[in-house]
Every structure is written in structure tokens, then in C-alpha cells.
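Here's the letter readout for the chains.
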Amino acid sequence: MPEGHTLHRLARLHQRRFGRAPVIVSSPQGRFADGAADVNGRVLKKADAWGKHLFHHYDGGRVVHIHLGLYGTFTEAPVPLPLPVGQVRMRMVGAEYGTDLRGPTVCEVLAESEIPDVVAKLGADPLRGDADPGLAWKRINKSRRPIGALLMDQSVIAGVGNVYRSELLFRHRIDPYRPGTLIDEAEFDAMWADLVALMKVGVRRGKIVVVRPEHDHGAPAYGPGRPRTYVYRRAGEACRICGTKVLTAELEGRNLFWCPSCQT
């Protein structure tokens, strides 16, 4: 599932390519036909993101709300676009570029007045200037759930996925099973500051870069073209710091990765 930096990159890209101009919106697949008709030809005033949610704000108070989920993707191309291929839920065409959306979990039109209800269910987004980390800290500090689960809870911190979760806890030497009540405020503050910095790098570079330069050697990344990670998808391999075997387990339905020696 795309993590928060991907949605913020998309918001910036769509703002740059489609913003402040009329956009032709259609649904070749047909499942978004009514929503597309509602915003077709309107001016896209603003594109922004909160966590893993993308919002296209059109004139007339209409907003296209998108959550990519596990399988959603946008593909961009200069105009004229070729005929749609596959199940294109939404096609946007501007003056110079177009984009096709496939496979999202959510693609719907809301009134501008409904957006606060969506946002109210989300925690602080490290990539937003209006983020309130204090709210995230209060929710963590009051919970006995493992910190590894709390970091993935979008109502606590919005935008963190499995890679940032696993790597952040490693960078701060925190056992993912430690209860939230046992995370002290100084530890949270350090993690939050690091998360903000890491996710900003993700927005800028389009990749999750988490390994410090002095550790960026040895075993290759978990996939072609991917930056190295400390623990994510490295189960059974040697920790880059201490050599201990990296462990994996399922935590609340998602695979967790950690070093039992470095993370206490």
C-alpha cells in the first residue's frame, strides 16, 4: 500500500499539471460515471493530501476523494492519451497531461463540507504544516497496544505504512512490541522529528530512504531499484548494525520486521 509521501507527491503533481484550469473527467470503466460527470469541465482549484487520502477540490464545492488502498495506481502521460487500457476508474485530461486511476479502494465525490468528517478520523500527518504531534503523543501514551501497531493506526499518525513503521522503530532502537504507555515523551519527540524528515525525503525523491550513509553497504535492497532498508523485508538476514538475524512476525494483520538485539 502506498505510504503518505506518495499521496503528497501525487497532490503536488496534480496541482502542477491540472490545477487552476478546467479538467475533463471521465470514467472509462463506468463505476465512477456519476462522480466524473459531477466534476467534468470544472476548474481544479487545489489538490492536497492528508495521510493516505488524496483530495481534488473543484470549483462549485465538489471534491474528489481518493484512497488508493492496496492496488490503486495513477499513470500519467502527455496528451493526447491513448485509448484506455484495463479497468480505468477515472481519467483526468488537462491541457498538456492526462492521468488514469486504476484499482482504488475509494474514488468518490463529496461536498467540501464533508471533508472535515473524513479528516476527523485521521491522526496527525507528519507532512502537513498544521500537524499536531501532541495529539498523536496523547493517543500513544494512553494505549497499551504495541507501538508497532500504534504507528500503523491511521487515527494516531496518518500516512505511516509498513516500511516507515519498521524502519523508524529500528532507527530509534525501540522494540515494536513495547506498549505505548512505555514510550516516553522524549522518545516520541525524537521519532516524530525523524519521521517528518524521512517522509520529506520521500516526497522529494519519490523513494523511502531510511539507511544512514555509513550503513548503506553490504547486503542489497529487498527489491530491484529499491533503496536499502535496515529490517523491512530482510527476515533471516543479518542486521546491518550488529549481525543478529532479523525477525519477522504478524502484528495486527501486517508483517513486522525487527532486530531483537538492537531494538529493546
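As a reminder, the structure under discussion sits directly above these lines.
So, here is what we can say about the structure in this document. (Residues numbered from 1 in each chain as written. Predicted model: local features only at pLDDT ≥ 70, side-chain atom pairs only at ≥ 80, totals over all residues. Heavy atoms only, no water.)

Some details on the nonpolar core
Alright, step 1. Membership of the largest hydrophobic core comes to 37 residues, with the highest contact counts inside it found for I147, I157, I183 and F188.
Alright, step 2. Mapped onto this core, the elements with two or more residues apiece are α4 (133–141), α5 (147–150), α6 (162–171) and α7 (185–205).
Alright, step 3. Tallying contributions element by element places α7 first for this core, with eight residues.
Alright, step 4. Contact partners of I183, with chain neighbours within four places excluded, come to W137, I140, N141, I147, I174, R178, F188 and M191.
Alright, step 5. Grouped together as the second largest cluster of nonpolar side chains are 23 residues, A49, Y58, I66 and V109 included. (Core = buried A, V, L, I, M, F, W, Y, C linked by side-chain atoms within 4.5 Å. Buried < 20%, exposed > 50% of the residue type's maximum accessible area, 1.4 Å probe, protein only. Helix = DSSP H or I, 4+ residues; strand = E, 2+ residues; numbered from the N terminus. Contact = heavy atoms within 4.5 Å.)

Looking at the sheet that holds strand β8 (residues 106–111)
Alright, step 1. If you trace the four strands from one edge of the open sheet to the other, you get β2-β3-β4-β8, paired in antiparallel fashion. Strand pairing shows two members of the sheet lacking a second neighbour, β2 (44–50) and β8, which therefore form its edges. In this sheet, neighbouring strand axes are inclined to one another by 20 degrees on average, regardless of whether the strands run parallel or antiparallel.
Alright, step 2. In the sheet, β2 pairs with strand β3 (residues 53–58) via six bridges, with the strands oriented antiparallel. In the strand pairing of β3, W50 is matched with H53.
Alright, step 3. In this fold helix α1 (residues 4–18) packs onto β2 and β3, with an angle of close to 170 degrees to the strand it touches most, β2. (Pairing = 2+ DSSP bridges. Axes fitted to C-alpha atoms, helices over the stretch in contact; angles between N-to-C directions.)

Focus: α7
Alright, step 1. Here α7 is 21 residues long and its end C-alpha atoms lie 30 Å apart, about the 30 Å a rise of 1.5 Å per residue gives.
Alright, step 2. In this fold, the buried residues of α7 make contact with α1, α4 and α6.
Alright, step 3. Two or three places before A186, at the opening of α7, D184 has a side-chain oxygen 3.1 Å from that residue's backbone nitrogen.
Alright, step 4. Positive backbone phi, at 75 degrees, marks G206, one or two positions downstream of α7. (Expected span 1.5 Å × (residues − 1). Polar contact = N/O pair within 3.5 Å; in protein donor to acceptor, adjacent residues only side chain to side chain.)

Let's talk about the pattern of salt bridges
Alright, step 1. Per the counting criterion, the structure on display carries 13 salt bridges.
Alright, step 2. The partner of D216 in a salt bridge is R228, with the nearest N and O atoms 3.2 Å apart. Here the residue D216 occupies a position in the loop between α7 and β9 (247–251), and R228 occupies one in the loop between α7 and β9, the gap between them amounting to 12 residues.
Alright, step 3. The partner of E237 in a salt bridge is R234, with the nearest N and O atoms 3.2 Å apart.
Alright, step 4. The class for E237 is partly exposed, based on a relative accessible area of 33%.
Alright, step 5. Judged by its relative accessible area of 3%, R234 falls in the buried class. (Salt bridge = Lys/Arg side-chain N within 4 Å of Asp/Glu carboxyl O.)

Details of the pairing of β9
Alright, step 1. Strand direction decides the pairing type here: β9 and strand β10 (residues 254–258), joined by five bridges, are antiparallel. The residue of β10 that forms the bridge with L247 is W258.

Distances and angles like these do not, on their own, reveal function.
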